[in-house]
Amino acid sequence: MDALYQDRKLVDVYDAINSSREDFDFYISELPVPPATVLDIGCGTGTLALDIANRGYEVTAVDPAYQMIARAMQKDTSQTVTWVTGFVSDLANNLTFDVAIMTGHAFQCLLENAQISALFEAVEKRLRRGGSFWFETRNPASRPWLRWTPEYTAPPFDLGGGRTVEVVHQILRVNDDCVTFEERYNFSDDNKALISRSTLRFLELREIEALAVKSGLIHSQTFGNWSREPLMDDSPEIIIRLMKAA
Ligand SMILES: C[S@@+](CC[C@H](N)C(=O)[O-])C[C@H]1O[C@@H](n2cnc3c(N)ncnc32)[C@H](O)[C@@H]1O
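Conventions used here
Residues numbered from 1 in each chain as written. Predicted model: local features only at pLDDT ≥ 70, side-chain atom pairs only at ≥ 80, totals over all residues. Heavy atoms only, no water. UniProt positions renumbered as here; feature names shortened; annotations may be inferred. Helix = DSSP H or I, 4+ residues; strand = E, 2+ residues; numbered from the N terminus. Pairing = 2+ DSSP bridges. Axes fitted to C-alpha atoms, helices over the stretch in contact; angles between N-to-C directions. Contact = heavy atoms within 4.5 Å. Parallel < 35°, antiparallel > 145°, perpendicular 65-115°, else oblique. Left-handed = near helix turned anticlockwise from the far one by under 90°. Nonpolar A, V, L, I, M, F, W, Y, C, P; charged D, E, K, R; others polar.

A. View of the UniProt feature "domain: Methyltransferase" (unreviewed entry) in the chain. Under the UniProt annotation, "domain: Methyltransferase" (unreviewed entry) lies at residues 38-131. Between the end C-alpha atoms of residues 38-131 there is a gap of 10 Å, over a span that is 34% helix and 28% strand.

B. Expanded view of the sheet that holds strand S7 (residues 163-175). An order of S6-S7-S8-S9 is seen for the 4 strands of this open sheet, with the pairing classed as antiparallel. Two strands in the sheet have a free side with no partner beyond their single neighbour: strand S6 (157-160) and strand S9 (194-201). This sheet shows a mean twist of 30° between the axes of neighbouring strands, independent of strand direction. In this sheet, S7 lies alongside S6 in antiparallel orientation, the contact comprising 3 bridges. Counted as the bridge partner of Phe157 is Val165 from S7. Of the strands in this sheet, S6, S7, strand S8 (178-187) and S9 touch helix H2 (residues 8-17), which is tilted by about 95° from S8.

C. Representation of the packing of helix H3 (residues 22-29) against helix H4 (residues 47-54). It is the contact of H3 with H4, at a shortest axis distance of 11 Å, that shows an interaxial angle of 40°. Put simply, H3 runs oblique to H4. H4 is crossed by H3, and the crossing has right-handed handedness. Residues Phe24, Tyr27 and Ile28 of H3 touch H4, and the partners they reach there are Thr47, Leu48, Asp51 and Ile52. Per-class residue counts for the contact of H3 with H4 are 5 nonpolar, 1 polar and 1 charged.

D. Highlighting unusual backbone geometry. The step from Pro34 to Pro35 runs through a cis peptide bond, and the omega angle for that step is 5°. Following the sequence through the fold, Pro35 ends up in the loop between H3 and strand S1 (37-41). One non-glycine residue, Asp176, lies in the positive phi region at around 55°. Considering the arrangement of structural elements, one finds Asp176 in the loop between S7 and S8.

Shown next as C-alpha coordinates:
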(Lines give C-alpha, C1' and ligand atoms only; values in the text may rest on other atoms or scores of the structure.)
Protein backbone atom coordinates (compact mmCIF):
# COMPACT_ATOMS: atom_id res chain seq x y z
CA MET A 1 0.00 0.00 0.00
CA ASP A 2 1.15 3.55 -0.81
CA ALA A 3 3.13 5.27 1.97
CA LEU A 4 0.70 8.20 2.01
CA TYR A 5 -1.98 5.87 3.43
CA GLN A 6 0.19 3.95 5.89
CA ASP A 7 3.00 6.23 7.11
CA ARG A 8 1.78 7.99 10.29
CA LYS A 9 3.55 11.26 9.45
CA LEU A 10 1.95 11.37 5.97
CA VAL A 11 -1.48 10.28 7.24
CA ASP A 12 -1.32 13.12 9.80
CA VAL A 13 -0.98 15.74 7.03
CA TYR A 14 -3.62 14.23 4.66
CA ASP A 15 -6.43 16.53 5.86
CA ALA A 16 -4.30 19.71 5.63
CA ILE A 17 -3.29 18.84 2.05
CA ASN A 18 -6.84 17.86 1.02
CA SER A 19 -8.76 20.67 2.72
CA SER A 20 -10.72 22.27 -0.15
CA ARG A 21 -13.19 19.63 -1.30
CA GLU A 22 -16.03 20.68 -3.62
CA ASP A 23 -16.85 16.96 -4.05
CA PHE A 24 -18.11 16.68 -0.45
CA ASP A 25 -21.05 19.10 -1.10
CA PHE A 26 -21.95 17.12 -4.22
CA TYR A 27 -22.07 13.77 -2.43
CA ILE A 28 -24.02 15.19 0.53
CA SER A 29 -26.61 16.74 -1.80
CA GLU A 30 -27.20 13.35 -3.47
CA LEU A 31 -28.10 11.58 -0.21
CA PRO A 32 -31.75 10.77 0.54
CA VAL A 33 -33.42 12.65 3.38
CA PRO A 34 -32.18 11.25 6.74
CA PRO A 35 -32.51 8.88 8.45
CA ALA A 36 -30.81 6.59 5.92
CA THR A 37 -27.85 4.22 5.97
CA VAL A 38 -24.65 5.22 4.15
CA LEU A 39 -21.55 3.16 3.35
CA ASP A 40 -18.34 5.17 2.75
CA ILE A 41 -15.84 2.98 0.85
CA GLY A 42 -12.16 3.94 1.01
CA CYS A 43 -13.14 6.53 3.63
CA GLY A 44 -9.55 7.58 4.36
CA THR A 45 -9.28 9.90 7.37
CA GLY A 46 -13.08 9.99 7.60
CA THR A 47 -13.85 13.71 7.16
CA LEU A 48 -16.86 13.13 4.90
CA ALA A 49 -18.15 10.12 6.87
CA LEU A 50 -18.13 12.24 10.05
CA ASP A 51 -19.88 15.15 8.35
CA ILE A 52 -22.60 12.79 7.01
CA ALA A 53 -23.07 11.13 10.42
CA ASN A 54 -23.47 14.56 12.03
CA ARG A 55 -26.36 15.22 9.63
CA GLY A 56 -28.38 12.32 11.05
CA TYR A 57 -27.33 9.38 8.85
CA GLU A 58 -26.22 5.97 10.08
CA VAL A 59 -22.72 5.66 8.59
CA THR A 60 -20.36 2.70 8.17
CA ALA A 61 -16.93 3.57 6.78
CA VAL A 62 -14.38 1.06 5.47
CA ASP A 63 -10.77 1.44 4.33
CA PRO A 64 -8.00 -1.15 3.95
CA ALA A 65 -5.39 1.26 5.39
CA TYR A 66 -5.13 0.78 9.14
CA GLN A 67 -3.46 4.17 9.75
CA MET A 68 -6.19 6.03 7.82
CA ILE A 69 -8.91 4.36 9.91
CA ALA A 70 -6.92 5.01 13.11
CA ARG A 71 -6.78 8.74 12.25
CA ALA A 72 -10.52 8.76 11.43
CA MET A 73 -11.37 7.11 14.76
CA GLN A 74 -9.23 9.66 16.63
CA LYS A 75 -11.35 12.44 15.04
CA ASP A 76 -14.65 10.68 15.91
CA THR A 77 -14.73 11.75 19.56
CA SER A 78 -18.52 11.11 19.85
CA GLN A 79 -18.28 7.67 18.16
CA THR A 80 -20.85 8.52 15.50
CA VAL A 81 -19.50 6.24 12.73
CA THR A 82 -18.86 2.48 12.55
CA TRP A 83 -15.23 2.22 11.32
CA VAL A 84 -13.93 -0.96 9.65
CA THR A 85 -10.36 -1.64 8.50
CA GLY A 86 -10.84 -3.69 5.33
CA PHE A 87 -12.95 -4.03 2.21
CA VAL A 88 -16.70 -4.03 1.53
CA SER A 89 -16.52 -7.83 1.21
CA ASP A 90 -15.40 -7.95 4.88
CA LEU A 91 -18.77 -6.53 5.99
CA ALA A 92 -21.50 -8.97 7.02
CA ASN A 93 -23.77 -9.95 4.11
CA ASN A 94 -26.87 -8.96 6.06
CA LEU A 95 -25.71 -5.33 6.50
CA THR A 96 -27.58 -3.23 3.93
CA PHE A 97 -27.30 0.41 2.89
CA ASP A 98 -29.45 2.98 1.10
CA VAL A 99 -26.39 4.60 -0.46
CA ALA A 100 -22.72 3.73 -0.98
CA ILE A 101 -20.09 6.35 -1.86
CA MET A 102 -16.42 6.10 -2.82
CA THR A 103 -14.75 9.53 -2.89
CA GLY A 104 -11.36 11.17 -3.36
CA HIS A 105 -10.64 9.03 -6.45
CA ALA A 106 -10.24 5.98 -4.19
CA PHE A 107 -11.77 3.97 -7.08
CA GLN A 108 -8.55 4.54 -9.06
CA CYS A 109 -6.58 2.51 -6.47
CA LEU A 110 -8.25 -0.60 -7.95
CA LEU A 111 -5.78 -1.65 -10.64
CA GLU A 112 -7.31 -4.91 -11.90
CA ASN A 113 -10.72 -5.61 -13.47
CA ALA A 114 -11.12 -8.48 -10.99
CA GLN A 115 -10.78 -6.04 -8.06
CA ILE A 116 -13.39 -3.73 -9.58
CA SER A 117 -15.80 -6.60 -10.24
CA ALA A 118 -15.30 -7.83 -6.66
CA LEU A 119 -16.10 -4.33 -5.37
CA PHE A 120 -19.21 -3.96 -7.56
CA GLU A 121 -20.48 -7.42 -6.55
CA ALA A 122 -19.88 -6.72 -2.86
CA VAL A 123 -21.69 -3.36 -3.13
CA GLU A 124 -24.59 -4.89 -5.09
CA LYS A 125 -25.08 -7.46 -2.31
CA ARG A 126 -25.18 -4.79 0.38
CA LEU A 127 -27.33 -2.12 -1.31
CA ARG A 128 -31.06 -2.04 -0.63
CA ARG A 129 -33.29 -2.39 -3.72
CA GLY A 130 -33.24 0.96 -5.52
CA GLY A 131 -30.08 1.98 -3.63
CA SER A 132 -27.30 4.04 -5.27
CA PHE A 133 -23.54 3.73 -5.48
CA TRP A 134 -21.87 7.08 -6.26
CA PHE A 135 -18.15 7.40 -7.04
CA GLU A 136 -15.79 9.25 -9.35
CA THR A 137 -12.63 8.69 -11.33
CA ARG A 138 -10.43 11.26 -13.08
CA ASN A 139 -11.27 11.49 -16.79
CA PRO A 140 -8.43 9.80 -18.77
CA ALA A 141 -9.31 11.94 -21.84
CA SER A 142 -8.19 15.08 -19.95
CA ARG A 143 -4.80 13.43 -19.09
CA PRO A 144 -4.40 15.13 -15.69
CA TRP A 145 -1.08 13.35 -15.02
CA LEU A 146 0.60 15.75 -17.50
CA ARG A 147 0.40 18.29 -14.66
CA TRP A 148 1.81 15.93 -12.01
CA THR A 149 5.30 17.38 -12.47
CA PRO A 150 7.57 19.60 -10.32
CA GLU A 151 6.66 22.70 -12.43
CA TYR A 152 3.04 22.47 -11.20
CA THR A 153 3.95 22.20 -7.49
CA ALA A 154 1.34 23.96 -5.33
CA PRO A 155 2.42 26.43 -2.63
CA PRO A 156 3.34 24.69 0.67
CA PHE A 157 0.39 23.60 2.83
CA ASP A 158 0.02 25.13 6.29
CA LEU A 159 0.22 22.53 9.08
CA GLY A 160 -0.19 25.01 11.96
CA GLY A 161 2.43 26.07 14.51
CA GLY A 162 4.55 27.60 11.73
CA ARG A 163 5.06 24.20 10.03
CA THR A 164 4.42 23.63 6.32
CA VAL A 165 4.74 20.77 3.85
CA GLU A 166 5.38 21.03 0.13
CA VAL A 167 4.32 18.11 -2.11
CA VAL A 168 6.27 17.65 -5.35
CA HIS A 169 4.93 15.21 -7.96
CA GLN A 170 6.96 13.28 -10.52
CA ILE A 171 5.63 10.80 -13.06
CA LEU A 172 7.58 7.53 -13.09
CA ARG A 173 5.67 5.50 -15.69
CA VAL A 174 2.57 5.56 -17.88
CA ASN A 175 1.66 2.00 -18.81
CA ASP A 176 -1.58 1.47 -20.75
CA ASP A 177 -4.23 2.90 -18.42
CA CYS A 178 -2.05 2.92 -15.28
CA VAL A 179 -0.01 5.91 -14.14
CA THR A 180 2.76 5.44 -11.56
CA PHE A 181 4.06 8.53 -9.81
CA GLU A 182 6.05 9.68 -6.83
CA GLU A 183 5.12 12.31 -4.28
CA ARG A 184 7.99 13.91 -2.37
CA TYR A 185 6.90 15.53 0.91
CA ASN A 186 9.23 18.35 1.98
CA PHE A 187 8.51 19.33 5.59
CA SER A 188 9.68 22.80 6.69
CA ASP A 189 10.97 21.39 10.00
CA ASP A 190 12.73 18.29 8.65
CA ASN A 191 15.50 18.11 6.04
CA LYS A 192 14.65 14.52 5.15
CA ALA A 193 11.84 14.32 2.56
CA LEU A 194 9.32 11.49 2.78
CA ILE A 195 8.50 9.75 -0.48
CA SER A 196 5.31 7.93 -1.47
CA ARG A 197 4.85 5.99 -4.71
CA SER A 198 1.40 5.25 -6.13
CA THR A 199 -0.17 3.68 -9.18
CA LEU A 200 -3.63 4.80 -10.27
CA ARG A 201 -5.80 3.36 -13.01
CA PHE A 202 -7.62 5.60 -15.50
CA LEU A 203 -10.61 3.73 -16.91
CA GLU A 204 -13.04 5.06 -19.48
CA LEU A 205 -16.75 5.23 -18.74
CA ARG A 206 -17.67 2.39 -21.14
CA GLU A 207 -15.17 0.05 -19.41
CA ILE A 208 -16.59 0.86 -15.98
CA GLU A 209 -20.12 0.49 -17.29
CA ALA A 210 -19.34 -2.97 -18.72
CA LEU A 211 -17.94 -4.19 -15.39
CA ALA A 212 -20.90 -2.72 -13.48
CA VAL A 213 -23.49 -4.39 -15.70
CA LYS A 214 -21.76 -7.78 -15.27
CA SER A 215 -22.08 -7.32 -11.50
CA GLY A 216 -25.82 -6.66 -11.74
CA LEU A 217 -25.69 -2.88 -11.18
CA ILE A 218 -27.45 -0.41 -13.48
CA HIS A 219 -25.67 2.68 -14.82
CA SER A 220 -28.02 5.51 -13.91
CA GLN A 221 -26.24 8.90 -14.18
CA THR A 222 -22.91 10.48 -15.19
CA PHE A 223 -21.49 13.99 -14.74
CA GLY A 224 -18.22 15.56 -15.88
CA ASN A 225 -17.66 17.88 -12.94
CA TRP A 226 -19.01 18.82 -9.49
CA SER A 227 -21.37 21.41 -11.07
CA ARG A 228 -23.22 18.47 -12.70
CA GLU A 229 -22.23 19.37 -16.27
CA PRO A 230 -22.33 16.56 -18.87
CA LEU A 231 -19.21 14.44 -19.40
CA MET A 232 -17.05 15.89 -22.22
CA ASP A 233 -13.53 15.06 -23.47
CA ASP A 234 -12.02 17.83 -21.36
CA SER A 235 -14.14 17.17 -18.24
CA PRO A 236 -11.92 16.70 -15.19
CA GLU A 237 -14.05 13.94 -13.64
CA ILE A 238 -16.24 11.00 -14.52
CA ILE A 239 -18.82 11.04 -11.71
CA ILE A 240 -20.97 7.91 -11.81
CA ARG A 241 -24.17 6.70 -10.18
CA LEU A 242 -24.83 2.96 -10.31
CA MET A 243 -28.07 1.58 -8.94
CA LYS A 244 -29.45 -1.70 -7.71
CA ALA A 245 -32.75 -2.49 -9.42
CA ALA A 246 -35.83 -1.53 -7.35
C1 LIG B 1 -7.14 9.53 -1.86
S2 LIG B 1 -7.72 8.58 -0.51
C3 LIG B 1 -9.43 9.10 -0.43
C4 LIG B 1 -9.93 9.07 0.99
C5 LIG B 1 -11.32 9.65 1.18
N6 LIG B 1 -12.34 8.88 0.52
C7 LIG B 1 -11.38 11.08 0.72
O8 LIG B 1 -12.27 11.41 -0.07
O9 LIG B 1 -10.57 11.88 1.20
C10 LIG B 1 -7.88 6.94 -1.18
C11 LIG B 1 -8.27 5.91 -0.14
O12 LIG B 1 -8.57 4.68 -0.81
C13 LIG B 1 -8.14 3.63 0.02
N14 LIG B 1 -7.98 2.42 -0.79
C15 LIG B 1 -6.87 1.92 -1.37
N16 LIG B 1 -7.14 0.77 -1.99
C17 LIG B 1 -8.46 0.52 -1.80
C18 LIG B 1 -9.36 -0.52 -2.20
N19 LIG B 1 -8.95 -1.55 -2.94
N20 LIG B 1 -10.65 -0.46 -1.79
C21 LIG B 1 -11.08 0.59 -1.05
N22 LIG B 1 -10.28 1.62 -0.67
C23 LIG B 1 -8.99 1.59 -1.04
C24 LIG B 1 -6.82 4.14 0.60
O25 LIG B 1 -6.43 3.43 1.74
C26 LIG B 1 -7.17 5.60 0.86
O27 LIG B 1 -7.63 5.81 2.17
